[in-house]
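Letter by letter, the chains look like this.
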Amino acid sequence: METTGRSDSRYAVIFTSKRTNGDNGYGEIAERMDELASQQPGFIGADSVRDSSGAGITVSYWDSLEAIRAWKRNEEHLTAQRNGREQWYSSYQVKICKVEKEYDFYSSELKE
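A brief report on the enclosed structure follows. (Residues numbered from 1 in each chain as written. Predicted model: local features only at pLDDT ≥ 70, side-chain atom pairs only at ≥ 80, totals over all residues. Heavy atoms only, no water.)

### Some points on the environment of I29
Topologically, I29 is positioned in helix α1 (residues 26–38). Classification of I29 by relative accessible area gives partly exposed; the value is 29%. Once the C-alpha coordinates of I29 and N83 are considered, the two residues, 54 residues apart in sequence, prove to be 9.7 Å apart. Leave out the neighbours within four places in its chain, and I29 touches A80 and W88. (Helix = DSSP H or I, 4+ residues; strand = E, 2+ residues; numbered from the N terminus. Buried < 20%, exposed > 50% of the residue type's maximum accessible area, 1.4 Å probe, protein only. Contact = heavy atoms within 4.5 Å.)

In structure tokens:
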């Protein structure tokens, strides 16, 4: 099987977290952070999922470490980070990784 994929490198910020109980304004700010991140120079995209227990993972992709540093220093993002530590997360972890290659598989058939 031959796969095609990107060979240009990029960076992934992997944010795993455990939410506290209740929304406490989280949903609105999370939407705003998605919108704001997508406007940042160097932002490529993001994938995110959270389960019913409150455990979640968001992976955002960036074209450089400088773009990641700039996002971390964004004023609105700094406020959201502070609120996250104070009220939205019981724990979280951030990992920054270099993505050397990626490839995809998409089935053309829907399975029931």
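### Looking at the side chain of N74
Mapped onto the elements of the fold, N74 is located in the loop between α2 (65–73) and α3 (75–88). N74 gets classed as buried once you look at its relative accessible area, which sits at 17%. Among the polar contacts made by the side chain of N74, one reaches the main-chain amide nitrogen of H77 at a distance of 3.1 Å. With near-sequence residues (within four places) excluded, N74 lies in contact with L36 and Q40. (Polar contact = N/O pair within 3.5 Å; in protein donor to acceptor, adjacent residues only side chain to side chain.)

### As for the packing of aromatic side chains
One pair of aromatic rings is described through two measures. These are the centre distance and the angle between the planes. Here the structure, examined in full by the defined rule, presents 7 aromatic pairs. Judged by centre distance (5.3 Å) and plane angle (75°), the ring pair of F15 and Y89 falls under edge-to-face. Here F15 is found in strand β2 (residues 10–19), whereas its partner Y89 is found in strand β5 (residues 89–99), with 74 residues between them in sequence. By relative accessible area, which is 15% here, Y89 ends up buried. (Phe/Tyr/Trp six-rings, centres within 6.5 Å; stacked < 30°, edge-to-face > 60°.)

### As for the sheet that holds β5
By way of backbone hydrogen bonds, the strands of a sheet pair with one another, either parallel or antiparallel. A sheet is described by the order of its strands in space; here 4 strands give the open sequence β3-β4-β2-β5, paired in antiparallel fashion. Only two strands of the sheet have a single neighbouring strand rather than two, namely β3 (43–50) and β5. Each adjacent strand pair in this sheet contributes to an overall mean axis angle of 15°, direction not counted. Note that β3 and strand β4 (residues 55–62) share 7 bridges and pair antiparallel. Paired with R50 across the two strands is G56, which belongs to β4. (Pairing = 2+ DSSP bridges. Axes fitted to C-alpha atoms, helices over the stretch in contact; angles between N-to-C directions.)

### Focus: the pairing of β4
Relative to β4, β2 is paired through 8 bridges, and the arrangement is antiparallel. Across the sheet, residue F15 finds its bridge partner in β4, namely T58. The turn linking β3 back onto β4 is made up of 4 residues, and G54 within it adopts a positive phi angle of 100°.

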